[in-house]
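# Per-entry structural report
Each chain, letter by letter, is given below.
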Amino acid sequence: MTVRPSLIQAERVDWASLRCGCGETGAHIPETFTNLLDASTPEEMAKASLDGHVHIQSLLFEVAVPVTSMIMAALVEETSEAVHFRLLDELISCIGGESHWTEVEAGTPELEIDCQIAAREGIWALYQEYATGRASMARMILDEVDADRDRFEYFDAKLIDRVRKRAKRP
């Protein structure tokens, strides 16, 4: 059996104490996340959607922060390409959203900032994503979360130059 860092990360969280977008606690999130990682068909991916739980449209719920940490851990795991893209898409939702009004009233008005901090903890996984075939999504995420602007601009210039050189090859 393969060890999944994302699920080890999930074990560290008291999910039942967190608010979820579905109106329940976050206790079901680890199972939903596991189902997403294991999804092999579009139907399975749809059933394992984090939409409506972590976020509704661009509005975030308390579970978004630990889910961001799980996503960052899952980016280094073996998953299908479709699942990998879904993870990046979910990460974009977490770092680019804003707290749902119920979260603001509950005292968590800047969940997106906490998600960005959680994503920053795996910054090199994001740079690896940028250097591989998922450059546009990873670049968007890095532009939002990398607080070291000099590093981002340096890597951005190097990676864009590399892509341009590849495109010119016959």
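Let us look at the structure shown here. (Residues numbered from 1 in each chain as written. Predicted model: local features only at pLDDT ≥ 70, side-chain atom pairs only at ≥ 80, totals over all residues. Heavy atoms only, no water.)

When helix H9 (residues 135-145) is considered as a whole, its buried residues turn out to be Met137, Ala138, Ile141, Leu142 and Val145. The buried residues of H9 all sit within an arc of 130 degrees when viewed along its axis, so they share a single face. (Buried < 20%, exposed > 50% of the residue type's maximum accessible area, 1.4 Å probe, protein only. Helix = DSSP H or I, 4+ residues; strand = E, 2+ residues; numbered from the N terminus. Arc of directions from axis to C-beta.)

The next point concerns the environment of Pro66. Here Pro66 is to be found in helix H4 (residues 64-74). Spatially, the C-alpha atoms of Pro66 and Ile29 are 9.9 Å apart, while their sequence positions differ by 37 residues. Discounting chain neighbours no more than four positions away, the residues touching Pro66 are Val13, Trp15 and Leu18. (Contact = heavy atoms within 4.5 Å.)

Looking now at unusual backbone geometry. Even without being a glycine, Gln57 presents a positive backbone phi close to 55 degrees. Tracing the chain through its elements places Gln57 in the loop between strand E1 (55-56) and strand E2 (59-60).

You can see His100 is positioned in the loop between strand E3 (98-99) and helix H6 (101-105). Sequence-distant contacts of His100, defined by excluding residues within four places in its chain, comprise Leu59, Leu60 and Phe61.

Moving on to the packing of helix H2 (residues 29-38) against H4. Orientation of H2 relative to H4, taken along the N-to-C sense of each, is 30 degrees, at an axis distance of 12 Å. Considering their axes alone, H2 and H4 lie roughly parallel with respect to each other. Note on packing geometry: the crossing formed by H2 with H4 is right-handed. For the pair H2 and H4, contact is made by Ile29, Phe33 and Leu37 and by Val67, Met70, Ile71 and Ala74, respectively. Here the residues of the contact of H2 with H4 are counted per class, giving seven nonpolar, no polar and no charged. (Axes fitted to C-alpha atoms, helices over the stretch in contact; angles between N-to-C directions. Parallel < 35°, antiparallel > 145°, perpendicular 65-115°, else oblique. Left-handed = near helix turned anticlockwise from the far one by under 90°. Nonpolar A, V, L, I, M, F, W, Y, C, P; charged D, E, K, R; others polar.)

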